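# Secondary and tertiary structure notes
These are the residues of each chain, in order.
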Amino acid sequence: FAPEPTHKRDVKPILDLMHNVKPDVISVALDPEASGPDTHYKVLQAVTAATEHYVGETKKEDITVWGYRNVWFRFEPHEVSTIVPVSLQTISTLNHMFLSSFESQRDAEFPAYEIQGPFCDMSQRVQVEQYDMIETCLGYEWFHKHPSPLIRATRGLVFLREMSVPQLLKESRALRKQTENV
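Anyway, here's the lowdown on the structure attached to this text. Small disclaimer: the values here were computed from a predicted structure and weren't measured.

Among the residues of helix 1 (residues 7–21), those classed as buried are V11, L15 and M18. Each buried residue of helix 1 lies within a common arc of 55 degrees when the element is viewed along its axis, so the set occupies one face. Set apart from the buried face of helix 1 by more than 90 degrees, the exposed residues are K8, L17, N20 and V21.

We now examine the environment of W142. Within the secondary structure, W142 is located in helix 5 (residues 140–144). Residue classification places W142 among the partly exposed positions, given a relative accessible area of 38%.

Taken in spatial order, the four strands line up as 1-2-4-3 in an open sheet, and their pairing is mixed. Since the sheet does not close on itself, it has two edges, and those belong to strand 1 (25–29) and strand 3 (82–87), each with one partner. Mean inter-strand twist for the sheet, computed between neighbouring axes without regard to direction, equals 35 degrees. Sheet topology note: the strand 1/strand 2 (residues 64–68) ladder contains five bridges and is parallel. Paired with I26 across the bridge in strand 2 is V65.

So, on to the nonpolar core. Among the nonpolar cores identified, the biggest contains 28 residues, and V28, L30 and L168 are the most heavily contacted of them. At the level of elements, helix 1, strand 1, helix 2 (38–58), helix 4 (119–138), strand 4 (154–163) and helix 7 (165–180) are the ones that each hand at least two residues to this core. Here the element with the most residues in this core is helix 2; it accounts for seven residues. Among all residues touching L30, those that are not within four sequence positions of it are L44, G67, Y68, R69, F75, R161, M163, L168, E171 and L175. Core analysis: the second largest hydrophobic core is formed by six residues, V71, F119, C120 and V126 among them.

Pairs may arise between side chains of opposite charge once their charged atoms sit close together. Tallying each qualifying case throughout the model produces 10 salt bridges. Between E52 and R173 there is a salt bridge; the shortest N-O distance is 2.6 Å. Residue E52 is located in helix 2, and its partner R173 is located in helix 7; the two are separated by 121 residues in the primary sequence. For E52, a relative accessible area of 37% corresponds to the partly exposed category. What makes R173 partly exposed here is its relative accessible area of 45%. Among the salt bridges present, the one from E129 reaches R74, with a minimum N-O distance of 3.4 Å. In this pair, E129 is assigned in helix 4 and R74 in the loop between strand 2 and strand 3, connecting sequence segments 55 residues apart. Salt bridges here are not isolated pairs; linked through shared partners, they connect D24, K60 and D62.

Strand 4 sits mainly inside the fold: seven of its 10 residues count as buried. As defined by bridge partners, strand 3 adjoins strand 4 across six bridges and the pair is classed as antiparallel. Bridging across to strand 4, P85 finds its partner in L157.

Reading the values: rules and limits
- Residues numbered from 1 in each chain as written.
- Predicted model: local features only at pLDDT ≥ 70, side-chain atom pairs only at ≥ 80, totals over all residues.
- Heavy atoms only, no water.
- Buried < 20%, exposed > 50% of the residue type's maximum accessible area, 1.4 Å probe, protein only.
- Helix = DSSP H or I, 4+ residues; strand = E, 2+ residues; numbered from the N terminus.
- Arc of directions from axis to C-beta.
- Pairing = 2+ DSSP bridges.
- Axes fitted to C-alpha atoms, helices over the stretch in contact; angles between N-to-C directions.
- Core = buried A, V, L, I, M, F, W, Y, C linked by side-chain atoms within 4.5 Å.
- Contact = heavy atoms within 4.5 Å.
- Salt bridge = Lys/Arg side-chain N within 4 Å of Asp/Glu carboxyl O.

Rendered as structure tokens:
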């Protein structure tokens, strides 16, 4: 397991990057510890600390945070604020990117109980399941006869929770309290 985040090793490099990039949007996995690789939870804690420092130093409070969940711990539709449509072409591109760019994702170190093998296969499966869930609610016709070609081409969905920085701090601290009894 990865060691607990420290300011010098983990938070400071993120904070330095934020000062260089001056982000308007930050994305981070909102996975509780023990729901998959513990690195997701620990990165959440480091990103939260860096964001809190960055906002305190710069007074830039209009940062949008996109929280996502991974294959081990998923959002339900009522928990998200944004749903991103994914076409078969996008899924194919993501699969190629994962397999050619992320060596560790070819044979997942922490495979999900539902699948063994490349992480992108499980990610694709989750996106398709999320699409099926929403298609069941909205109906086949809503997607397949939609005026937008993007929506008609959709075969997967990515669920995101859009948050402000104070909401990120609250969410991250709640997960930390739940996980670490802090």
